[in-house]
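As a plain string of letters, each chain reads:
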Amino acid sequence: MTTTTSVFYPSTAQIDDLLLSWGKRLLWLNMVMSFLFLYIPIVVLVAFSFNDSRLGARWEGFTLKWYGVMVSNESVLNALWNSLLVAVVSTIIATILGTMTALAMERFRFPMRKAYDGLLYLPIIIPDIVMGVSLLLFFALLLNGINTLFGLHGENAWRPGLGTVIIAHVAFNISFVTIVVRTSLKNFNKSLEEAAQDLGANEWITFRRVTLPLIIPGILGGALLAFTLSLDDFVITFFTTGPSGITLPLEVFGRIKRAISPEINAISTVMLLMSMVLIIVSQLVQKWRE
Amino acid sequence: MTNFAVQLCDITKTFPAGRSGRNDVAAVNHINLSIQPGEFFTLLGPSGCGKTTTLRLIAGFEQPTQGEIFIQNQPVSKIPPYHRPVNTVFQNYALFPHLTVGQNVAFGLNVKGVPRHEIEQRVKESLDLVRLPDLENRKPSQLSGGQQQRVALARAIVNRPSVLLLDEPLGALDLKLRKAMQLELKHLQTQLGMTFIYVTHDQEEALTMSDRIAVMNEGLVLQIDDPVTIYEKPATRFVADFIGESNFLNGNIDAVLSDKIQVNVAGTQVFSYWTNNGLKRGQDVTLTVRPEKLKLAPLNGTNHGTLIGTVQEIVYLGTDTRYLVGLLSQETVVIRVQNVGGDRSVAFAIGDQVKVSWFPEDIRTLIV
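Below or above, wherever it landed, is the structure these notes cover. This structure is a prediction, so every number in the text was calculated from the model and none was measured. (Residues numbered from 1 in each chain as written. Chains lettered and ligands numbered in written order. Predicted model: local features only at pLDDT ≥ 70, side-chain atom pairs only at ≥ 80, totals over all residues. Heavy atoms only, no water.)

**Looking at the overall build of chain B**
Our working definition: Only DSSP runs of H or I covering at least 4 residues are called helices, and only runs of E covering at least 2 are called strands; the numbering of each starts at the N terminus. Buried, partly exposed and exposed residues are distinguished by accessible area as a fraction of the type maximum, computed with a 1.4 Å probe on protein chains only: under 20%, between the cut-offs, and over 50%, respectively. We call two residues in contact whenever any of their non-hydrogen atoms come within 4.5 Å of each other. Areas reported here follow the Shrake-Rupley algorithm with a probe of radius 1.4 Å; residue values treat only the protein chains shown as occluding. For the purpose of counting charges, residues Lys and Arg are taken to be positive, whereas Asp and Glu are taken to be negative. His and the chain ends are not included. Note on charges: their place is set at NZ of Lys, CZ of Arg, CG of Asp or CD of Glu.
In terms of helices and strands, chain B carries 8 helices and 20 strands. Expressed as lengths along the three principal axes of its C-alpha atoms, the size of chain B is roughly 80 × 50 × 45 Å. Counting every position in chain B, which comprises 368 residues, the buried fraction comes to 48%. Once local pairs closer than 6 in sequence are excluded, the contacts in chain B between residues at least 24 apart make up 66%. Looking at chain B as shown, the accessible area adds up to about 17,400 Å², and 50% of this sits on carbon and sulfur atoms. For chain B, the separation between the mean place of its 35 positive charges and that of its 36 negative charges on side chains is 4 Å.

Here you go:
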């Protein structure tokens, strides 16, 4: 009788199983870590906006007083109002111009179309800082020219402010709106417009009753994107505004330079909430589109 | 002046060749068409032959490079699509996805400002006409292909156009539905007395429905005739080949007689009754004959005036059997024999020596 010492050799299949189960666990870990990394700072920010401590480094109980301080602060409310005004006005203008540009780019063949196509993407690609500096220069020259031309001095002179900020925001938002609207035009079945014309609709009625209803989700998507980007923008606004046109991001930045107060946490939380509402609205628009 | 529904006079349409920098491409090349009121007129040809371009020229989606189009004897070159008295049934239906079936059908009447109660009545009528009642509130995406096709048809005919243009409207339907719709379309056309201009690449569809067919290829109209003439007397080799199946035999004229010509096909003397002015002795011609017009017989003493060959292939098709016979001249001919004798019908086997014959009036002479 012979005895065999049994040695355990795992088969290839068993090794595969082992790797697979560990791989799955690591993937889970990766996901959890990523979420933590992304959201812990935000959770801390929101939590500390309710912290009853002036320094904010230690939890000392729940309070809403920083929100009270925030809403009773004239300059914060003013900045919020400025931000919303800039976002609404620049979104409306950029959406109209961007949609028209998208229609022209998709429908017509004209000289230099390719070059224009490339130029449209430029504001998205070039760094904000470059755009900010160039707009600053542009407005300085423009306002200087206007003031000289009309002899405006001192109090009467035109200065950078909300007007220049709105123009700057329109300038970068047109590109985003155009790109979003163009994607919905690319999927647009052109024979629908021919069908409308065939049934007696002229160009305008065709646009109003067929083209517009079908691309409106794309236009709304572009508008929401523009609104968010405008509300969010710091760099370009910083370079193009004046003392009268302080938006919320600039206000927050200005306050941080002086001292970190829990009030900033409250303001940031409100901004976060606004962005989240916009995202939810855009998701609903997407749903409605389907 | 004769009253025509649609007339195309010397119409040419060229498209720019694009980047290649070569010559412009003529999609339609100097074509002339005169379509009678109430006619079912079909433009038939392979893809890229210019039939759809011709339809789009009539609808007004394209402008002719040269020539003039008349609709009800009015020149329409300067009239935009939305003012032309024609309506189109599009190949992909082009139903408005954001509107209901009822709104789709009512679109043309709404645009023209027809009173509301009249719109409702006419929408209902035309949906009944295409046998699609009770679906008014559905969206096009909730309908089957066949139903969408009917909605597209209803949306066009509700406007009571003088001419209805149909661009391969049955192309996306399955065979059985297509056959049913062919008959229905023909019935509808007779019922409404409307002029139909129908574009298709399906020769069977064209033969089934049309009063007259214009066969097109490479931007040219090759023949305009009724279905029987198109099939029985094709004017060119392309027409003979494109519509149905045809055999082609190359030969040389031996003699031009008063009522027929004698042609030498690979050493065999055959006759064609069809004479054409200007045919001369010694001229090369192509004879064309339909597979069902050829007769197959075993070899015997009297082989005069027939072609001798070997059976190479036999395909049993149910209603008939298709034989491929290789001739001594290396050419092959296809012969269809009706299976009237039940299972005794297939009387030949591969390798059998046979003779192929026909009535001289069934063969056509095409000038090479």
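**Brief notes about the interface of chain B and chain A**
Threshold: Summed over both partners, buried area is the accessible surface (1.4 Å probe) that two parts give up on being assembled. One side-chain nitrogen of Lys or Arg within 4 Å of one carboxyl oxygen of Asp or Glu is enough to make a salt bridge.
Each partner contributes to the interface: chain B provides 23 residues, whereas chain A provides 19 residues. In total, about 1,800 Å² of surface goes out of reach between chain B and chain A, with carbon and sulfur atoms giving 62% of it. Counting across the interface, chain B meets chain A through 1 salt bridge. When the shortest N-O distance is used, the salt bridge between E194(A) and R56(B) registers 2.7 Å.

**Some points on the sheet that holds strand β17 (residues 320-327) of chain B**
What links the strands of a sheet is backbone hydrogen bonding, and the strands pair in either a parallel or an antiparallel sense. Residues and elements named next belong to chain B. Quick reminder of the rule: Strand pairing is assigned whenever DSSP detects at least two bridges linking the two strands. Axis angles are defined between N-to-C directions and span 0 to 180 degrees, where every axis is a line fitted to C-alpha atoms and, for a helix, only to the segment in contact.
Sheet architecture is open: 5 strands sit in the order β15-β19-β16-β17-β18, paired in antiparallel fashion. Taken across any chain shown, the strands that pair with only one partner, and hence form the sheet edges, are β15 (295-298) and β18 (332-338). The mean angle between the axes of side-by-side strands here comes to 45 degrees, regardless of whether they run parallel or antiparallel.

**Some words on the side chain of N104(B)**
All names here are of chain B. What counts here: In protein, a polar contact requires one atom able to donate a hydrogen and another able to accept it; more generally it is a pair of N or O atoms within 3.5 Å, and residues adjacent in sequence count only if both atoms are side-chain atoms.
Relative to the assigned elements, N104 resides in helix α2 (residues 101-111). For N104, the side chain forms a polar contact with the side chain of R155, separated by 3.4 Å. Those residues in contact with N104, other than ones at most four positions away along the chain, are L95, F96, L99, P140, V151 and R155.

**Description of the packing of aromatic side chains**
Both the distance between ring centres and the angle between the ring planes are used here to describe each pair of aromatic rings. Residue and element names in this part refer to chain A. Convention followed: Classification of ring pairs rests on two measures: the distance between centres of Phe, Tyr or Trp rings, Trp counted by its six-membered ring, which must be within 6.5 Å, and the angle between planes, read as stacked under 30 degrees, edge-to-face over 60 and tilted in between.
All chains considered together, the criterion is met by 16 aromatic pairs over all chains. Aromatic side chains F35 and Y39 sit 6.0 Å apart centroid to centroid with 15 degrees between the ring planes, which places their arrangement in the stacked category. Of the two residues, F35 and Y39 are both situated in helix α1 (residues 12-48); the distance of 4 residues between them amounts to about one turn of the helix. For F35, a relative accessible area of 45% puts it in the partly exposed group.

**Details of the pattern of salt bridges**
Taken as a whole, this structure holds 22 salt bridges over all chains when the rule is applied. Of the charged contacts, one joins R255(A) and E251(A) as a salt bridge, the two residues approaching to 2.8 Å between their closest N and O atoms. Of this pair, R255(A) and E251(A) both sit in helix α10 (residues 248-258), 4 residues apart, which is roughly one turn of the helix. The residue K186(B) makes a salt bridge to D211(B) at a minimum N-O spacing of 3.3 Å. Note that K186(B) is positioned in helix α5 (residues 175-192) and D211(B) in the loop between α6 (203-209) and β9 (212-217), a separation of 25 residues in sequence. In this structure, a network of salt bridges that share partners links the residues E106(A), D117(A), R182(A) and K186(A).

**Concerning helix α5 (residues 128-150) of chain A**
Residues and elements named next belong to chain A. Spelled out, the test is: To estimate the expected span of a helix, subtract one from its residue number and multiply by 1.5 Å.
Taking 1.5 Å as the rise per residue, α5 with 23 residues should run 33 Å; its terminal C-alpha atoms sit 32 Å apart, in good agreement. Listed in full, the buried residues belonging to α5 are M131, G132, L135, F139, L143, I146 and N147. In this structure, the buried residues of α5 make contact with α4 (113-125), α6 (162-186) and α9 (235-240).

**Remarks on the sheet that holds strand β12 (residues 261-265) of chain B**
Residues and elements named next belong to chain B. One open sheet accounts for 5 strands, arranged β13-β12-β11-β14-β20; its pairing is antiparallel. Only two strands of the sheet have a single neighbouring strand rather than two, namely β13 (268-272) and β20 (364-367). Taken over all neighbouring pairs, the strand axes of this sheet differ in orientation by 45 degrees on average, direction set aside. Note that strand β14 (residues 284-289) and β20 share 4 bridges and pair antiparallel. Across the sheet, T288 pairs through a bridge with R364, a residue of β20.

**Section: the environment of G267(B)**
Structurally, G267(B) is set in the loop between β12 and β13. A sequence separation of 61 residues divides G267(B) from L328(B), and the C-alpha atoms of the two residues are 9.5 Å apart.

**What to know about the pairing of strand β4 (residues 66-71) of chain B**
Residues and elements named next belong to chain B. The sheet contact formed by strand β1 (residues 6-15) and β4 spans 5 bridges and is antiparallel. Each bridged residue has a counterpart across the sheet, and for L8 the counterpart in β4 is I69. As paired elements, β4 and strand β5 (residues 74-75) share 2 bridges and run antiparallel to each other. Residue pairing across strands places I71 opposite Q74, the latter belonging to β5. Following β4, the chain reverses through 2 residues before pairing antiparallel with β5; Q72 in that reversal takes a positive phi of roughly 50 degrees.

**A word on α5(B)**
Residue and element names in this part refer to chain B. Applied cut-off: Arc, as used here, means the arc of the directions from the helix axis to the C-beta atoms.
In this model, α5 (18 residues) spans 25 Å end to end at C-alpha, consistent with the 26 Å of a helix rising 1.5 Å per residue. Among the residues of α5, those classed as buried are R178, M181, Q182, L185, L188 and Q189. The arc that holds the buried residues of α5, viewed along the axis, is 140 degrees, so those residues lie on one side. Facing away from the buried side of α5, by more than 90 degrees, are the exposed residues K176, L183, H187 and T190. Buried-residue contacts for α5 involve β3 (40-44), α3 (116-129), α4 (145-157), β7 (163-167), β8 (195-200) and α6. Two residues or fewer after α5 comes G193, characterised by a positive phi angle close to 65 degrees.

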